[in-house]
Amino acid sequence: MIKGFSLRSADTVVELGPGTGAFTGLILEGIGAQTTFIAMELDAINARNLKRRFPRVMVYNEAAERIGQYLAFHGKRKVDYVICGLPWASLPIPTQQSTLNAVLKSLSPN
C-alpha cells in the first residue's frame, strides 16, 4: 500500500481510518525522524488502542473530514501523503464528498 512512497522525506503524513493499525506500523517504519504523523480514527476503541501501540503517532478520535483542522493544530498547512483505509464504498455519498474535498484542500501540490 505504501510501496514507492518517499515517506522518509515527507514533512507530514496523515492516515485516515487506520482501524487496528495494520498499516500504521509500516508507515511509522518508513517516515523520517522529523515527519509529523497524524492518524484519524472514528472508532473510539481503535483510536485508544492505536495511541497505546504507537505513541509517536498523533491519533485523533475524529472524522476524516476534519483533516484540515488537525493539520492547523500542528502548525501544518499541507500534507505530503494521505493514506486512506476508510471503507469508502460503505460511506454515505455526502461523507465521501466532504472527505474527498477536505483531503484535496489539504494536499501539497507535490
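Before any of the text, the structure's been laid out above.
These remarks concern the structure in this document. (Residues numbered from 1 in each chain as written. Predicted model: local features only at pLDDT ≥ 70, side-chain atom pairs only at ≥ 80, totals over all residues. Heavy atoms only, no water.)

**What about the pairing of strand β2 (residues 36-40)?**
Here is step 1 of the chain: Among the 5 residues in β2, 5 count as buried, and that is most of the element.
Here is step 2 of the chain: Burial along β2 is two-sided: T36, I38 and M40 facing one way and F37 and A39 facing the other are all buried.
Here is step 3 of the chain: Pairing analysis gives 5 bridges linking strand β1 (residues 12-16) to β2, with the strands arranged parallel. Within β2, the position partnered with E15 by the bridge is A39.
Here is step 4 of the chain: Handedness of the β1-helix α1 (residues 24-30)-β2 crossover: right-handed.
Here is step 5 of the chain: Strand direction decides the pairing type here: β2 and strand β3 (residues 58-60), joined by 3 bridges, are parallel. Residue I38 lies in a different strand from β3, and its bridge partner there is M58.
Here is step 6 of the chain: A crossover links β2 with its parallel partner β3, the connecting element being helix α2 (residues 44-53), and its sense is right-handed. (Buried < 20%, exposed > 50% of the residue type's maximum accessible area, 1.4 Å probe, protein only. Helix = DSSP H or I, 4+ residues; strand = E, 2+ residues; numbered from the N terminus. Pairing = 2+ DSSP bridges. Right-handed = clockwise from strand over helix to strand, strands pointing away.)

**Quick look at the packing of aromatic side chains**
Here is step 1 of the chain: One pass over the structure, following the stated rule, counts 3 aromatic pairs.
Here is step 2 of the chain: Where Y60 meets Y70, the ring centres are 4.4 Å apart and the plane angle is 40 degrees; that geometry is what we call tilted. Highlighted residues: Y60 in strand β3 and Y70 in helix α3 (residues 67-73), separated in sequence by 10 residues. Y70 shares its class with Y60; the two are buried.
Here is step 3 of the chain: With centroids separated by 6.5 Å and ring planes inclined at 85 degrees, the aromatic side chains of Y60 and F73 adopt a geometry described as edge-to-face. Here Y60, found in strand β3, pairs with F73, found in helix α3; they are 13 residues apart in sequence, far enough to count as distant.
Here is step 4 of the chain: Assessed through its relative accessible area of 61%, F73 is described here as exposed. (Phe/Tyr/Trp six-rings, centres within 6.5 Å; stacked < 30°, edge-to-face > 60°.)

**Things to note about the sheet that holds β2**
By definition, the strands of a sheet pair up through backbone hydrogen bonds, in either a parallel or an antiparallel sense.
Here is step 1 of the chain: The 4 strands are arranged β3-β2-β1-β4 in an open sheet whose pairing can be described as parallel. Strand pairing shows two members of the sheet lacking a second neighbour, β3 and β4 (81-84), which therefore form its edges. Going from strand to strand, the sheet's axes swing by 15 degrees on average, the running direction of each strand aside. (Axes fitted to C-alpha atoms, helices over the stretch in contact; angles between N-to-C directions.)

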